[in-house]
Amino acid sequence: MSHDYDLFVIGAGSGGVRAARISAGHGARVAIAEEHQVGGTCVIRGCVPKKLLVYGAHFAEDLEDARRFGWDVGTPTFDWPTLRDNVLSEVKRLNGIYTTNLENAGVTIFHDRATLIDRHTLKVGDRTITADKILVATGARPAIPDVPGAEHGITSNEVFHLDRLPKRAVIAGGGYIANEFAGILNEFGVKVTLLLRGDALLRGYDHQLRERLHLISMQKGIDFRFNAAFERIEKRDDGTLSIHVSNGDPLEADLLLYAIGRPPNTEGLGLEALGVALDANRAIVVDADSRTNVDNIYAVGDVTNRIQLTPVAIKEGHAFADTVFGKKPWRPDYECVPSAVFSHPPIAAVGLTESEARTKYRQVKVYTSDFRAMKNVLADRNERALYKLICHPVTEQLLGAHIIGPDAAEIMQTMAVCVKAGLTKAQLDATVAIHPTMAEELVLMR
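The paragraphs below set out a description of the structure included in this document.

Conventions used here
- Residues numbered from 1 in each chain as written.
- Predicted model: local features only at pLDDT ≥ 70, side-chain atom pairs only at ≥ 80, totals over all residues.
- Heavy atoms only, no water.
- Helix = DSSP H or I, 4+ residues; strand = E, 2+ residues; numbered from the N terminus.
- Contact = heavy atoms within 4.5 Å.
- Pairing = 2+ DSSP bridges.
- Salt bridge = Lys/Arg side-chain N within 4 Å of Asp/Glu carboxyl O.
- Buried < 20%, exposed > 50% of the residue type's maximum accessible area, 1.4 Å probe, protein only.
- Expected span 1.5 Å × (residues − 1).
- Bend = angle between axes of the 7 residues up to and from the residue.
- Disulfide = S-S within 2.5 Å.

**Quick word on the environment of A385**
Reasoning step 1: With respect to the helices and strands, the residue A385 is situated in strand 19 (residues 384–391).
Reasoning step 2: With 172 residues separating them in the primary sequence, A385 and L213 have C-alpha atoms 9.9 Å apart.
Reasoning step 3: Here A385 is in contact with R212, S369, D370, F371, I404, G405 and P406, once residues within four sequence places are set aside.

**Things to note about the sheet that holds strand 10 (residues 223–225)**
Strand pairing in a sheet is mediated by backbone hydrogen bonds. Such pairs are either parallel or antiparallel.
Reasoning step 1: Pairing in this open sheet of 5 strands is parallel, and the strands run 7-14-8-9-10 from one edge to the other. Of all the strands in the sheet, the pair left with one neighbour each is strand 7 (154–155) and strand 10.
Reasoning step 2: Two strands pair when backbone bridges link them, and strand 9 (residues 191–195) and strand 10 are joined in this way by 3 bridges, in the parallel orientation. Of the residues in strand 10, the one forming a bridge with T193 is D223.

**A short note on the pattern of salt bridges**
Reasoning step 1: Summed over all chains, the structure comprises 34 salt bridges.
Reasoning step 2: Among the ionic pairs, R127 bridges to D112, the shortest N-O distance being 3.1 Å. Of the two residues, R127 is situated in strand 6 (residues 127–136) and D112 in the loop between strand 3 (108–110) and strand 4 (114–118); the sequence distance between them amounts to 15 residues.
Reasoning step 3: We classify R127 as partly exposed; its relative accessible area is 36%.
Reasoning step 4: With relative accessibility at 27%, the residue D112 sits in the partly exposed group.
Reasoning step 5: Between D132 and K133 there is a salt bridge, with its nearest N and O atoms 3.1 Å apart.

**Here's the deal with helix 12 (residues 408–420)**
Reasoning step 1: In this model helix 12 runs 18 Å from its N-terminal to its C-terminal C-alpha over 13 residues, within 8% of the 18 Å that 1.5 Å per residue would give.
Reasoning step 2: Of all the bends in helix 12, the greatest measures close to 30° and is centred on T414.
Reasoning step 3: The complete set of buried residues in helix 12 reads A408, I411, M412, M415, A416, C418 and V419.
Reasoning step 4: Summarising the contacts, the buried residues of helix 12 are in contact with strand 17 (347–351), strand 19, strand 20 (398–404) and helix 13 (425–429).
Reasoning step 5: Looking one or two residues beyond helix 12, the residue adopting positive phi is G422, at roughly 75°.

**Considerations on the state of the cysteines**
Reasoning step 1: A full pass over the atoms with the stated rule returns 1 disulfide.
Reasoning step 2: Across a sulfur-sulfur distance of 2.2 Å, C42 and C47 are joined as a disulfide pair. On the S-S bond that ties C42 to C47, the torsion sits near -140°, and the link is left-handed.
Reasoning step 3: According to the relative accessible area criterion, C42 is buried, its value standing at 12%.
Reasoning step 4: C336 takes part in no disulfide bond, and the closest cysteine sulfur, belonging to C418, lies 11 Å away.
Reasoning step 5: Taking the relative accessible area as the measure of exposure, C336 reaches 27% and is therefore partly exposed.
Reasoning step 6: Here C418 is not disulfide-linked; the sulfur of C391 is the nearest cysteine sulfur, at 11 Å.
Reasoning step 7: Residue C418 is classed as buried on the basis of its relative accessible area of 12%.

Laid out in structure tokens, this is it:
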């Protein structure tokens, strides 16, 4: 009882909240500090509100397709403030739920910034608080390019609060955030250009899926500018932007959205003064139990830059709490972590890509199914789904699964179980298909 708390958590995002709740459930005296809103990036300004925008955007195509199914929908109109305000209202509701769950678990919440004074002492607002163990779960933030005029662009933090939609938007980046917002804004009627520093989008995903998304995105009207590095951004008197890049003429836009990466939030926490080790990207270095080189200080989630996914941060926070306070030690498993891109259409994947498998095994067996979903056929929408299975060359054990098409993420969750469990292609083939569905393609590939 020599410290105010057994555990103090800095950051009330997904990983920090889970660690705090579970630790309190194990009997620890826990406090948590959050300078913004409880819930963190995912709930407040990330995956949750973004997925709601994805749903809203998809009605553009659904309403168009409805005519082929006999529905007279008139001339649909879209009101951005209605969707924006409803999404923000849902975020507020979730913030309240997260806050209530922490309070019900007996966690003390400080709505202030917390910084480290020494290994057991923190400055929280104008208070000084001590804790036996400290968990850093401050997440990551959107990167902003270091070029003249960079202040004229916005990030994914601000896009949810736009007063109105732009007529033309340039989105910088080739990752999942860039492609998701490109699809969203395009469906809302915004003219979108995706600006990429390199020559490919969605690095890390299977090349065939990346090429398919590129093709479909262009067919939907999204433009791409590859191998284009920022030089400067100029803002005119009428508010429009001129974006000068290294490759070609300047891009003219009403909105510039940065989606060029998410560096860990480690600045200004006092970590360096305590000797907490950071890597070259300023992420906190931790061991398999999320412990730093200072033995009573731990870190979970995006601030460690292991895998920047909400479910991963949650598992890390839970494992920390069970291990340190619950006397039930376990570690997260980072093999075969599934992921999704909520683009239009969505992509989902788990396990090895074809190129990764060929590098590891030299020879692999690849099964594909390239088809139009039944709904798209009747809607006369020429958009093809692609399902792909990567299998061991001898045993045909599933090494990876990759999907682009409607409901890709929903279907992939089940395939993630199959790949994680080490099932074989023969076991998929022995499974009776559910007909007619898109997912049946997974057990019918030849």
